[in-house]
Amino acid sequence: MRIPLLMLAAGLVLTVGACTAPSKAAQPGQTVAVDPVTAGAPTNGPSGSPAPSGSAGAAGSAGPSDGWVPGATAKGTVPPVVEHGPRVGNRVALTFDADMTDSMLRRLANDPSVSFANRKVIDILERTRTPATFFLTGEWVETYPALTRQLAANPSFELANHTYRHQAFKSPCYNLPTIAPDAMTGDVAHTFDVIAPYGGRQTRYFRFPGLCYDDTALQALAPLGVTVVQGDVVSGDPGATAAPPIVHAVLSKVRPGSIVILHITEANAQFTDEALQPILDGLKAQGLRPVTLSELFR
């Protein structure tokens, strides 16, 4: 049973609840417009200090210069779940998941020619100076440290958390192995520790593997002060057999405020790079501008 607790701050929809079944996107609940401050929305930074004025509630960012970390919420509170940004203007966020599981690591060990890092995607983003947010698994970072440094060094990119080994936080969730509830908090905390030394534009954004979660999973994240970011446009690039369906899935659903989910795991999402330039061209034709998540929520 879904338990909705929604906050509408500057057009940003924040949903706290449980997904009733594994799905390509989190199911929206009832929307209620409230003031994020008077309604008790998290307005404190990670250290408990007041959020800077102009912060967009729990998921907002006032910029790195003031010490505010994008996505940081008050520790000890159930994190908000964000499905999209404000439905005004022309901004959309391109997000890229960097999955890595133990079975993927075994595949790499058995076949060195396999790659779960699509460098062509990153090349296109850098060549076109397209902002993006990357949801990294800890095992992916440890497997591709040089590429992680490249992502962190680009001021147009943000780094976010996608768990350590991409286990399901709610079962069933596709074919993902399930993590024990008492291991969830430590898994996500450890992933932040793995990513932190790379610097760059660090965030407290988190995405569930397979977008699957329930109340137990949300409660496990409460000590970490995060914002859960799902998405409203799922590209379907993992397992795709050609680029055009990916392009169509994105351009037919995207609208202002959308959060687009793509992947840079080349071996199981091998057509993402081929689809990316047509997606960028299509967004431009629709008058939409890619931004990072923190910019989308600002």
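Structural data are supplied above this passage.
In this text the structure is predicted, and so the values were computed from the model without any measurement.

Rules used throughout
- Residues numbered from 1 in each chain as written.
- Predicted model: local features only at pLDDT ≥ 70, side-chain atom pairs only at ≥ 80, totals over all residues.
- Heavy atoms only, no water.
- Phe/Tyr/Trp six-rings, centres within 6.5 Å; stacked < 30°, edge-to-face > 60°.
- Helix = DSSP H or I, 4+ residues; strand = E, 2+ residues; numbered from the N terminus.
- Buried < 20%, exposed > 50% of the residue type's maximum accessible area, 1.4 Å probe, protein only.
- Lys NZ or Arg CZ within 6 Å of the ring centre and 35° of its normal.
- Contact = heavy atoms within 4.5 Å.

A. Examining the packing of aromatic side chains more closely. Under the definition given, this model contains eight aromatic pairs. Plain terms: the ring middles of F134 and F157 are 5.0 Å apart, the flat faces sit at 70° to each other, and that makes the pair edge-to-face. Residue F134 is located in strand β5 (residues 132–136), and its partner F157 is located in strand β6 (residues 157–161); the two are separated by 23 residues in the primary sequence. Like F157, F134 is buried. Considering the side-chain rings of F169 and F208, the 5.6 Å spacing of their centres and the 65° angle between planes classify their relative orientation as edge-to-face. Taken as a pair, F169 in the loop between β6 and α5 (184–195) and F208 in the loop between β7 (201–206) and α6 (215–221) lie far apart in primary sequence, 39 residues in all. Each member of the pair, F169 as well as F208, carries the same accessibility label: buried. Within the aromatic cluster, the residues linked to one another by ring pairs are F169, F206, F208 and Y213. Here the guanidinium or amino end of R204 rests over the ring plane of F192, the centre of that ring lying 3.8 Å away. Taking the ring centre of F135 as reference, the NZ or CZ of R207 above it sits at 4.2 Å.

B. Region of interest: the environment of S156. Secondary-structure assignment places S156 in the loop between α4 (145–153) and β6. In this structure S156 comes out as partly exposed when scored by relative accessible area, which is 24%. Once residues lying within four places of it in the same chain are set aside, the contact partners of S156 are T130, P131, A132, R201 and T292.

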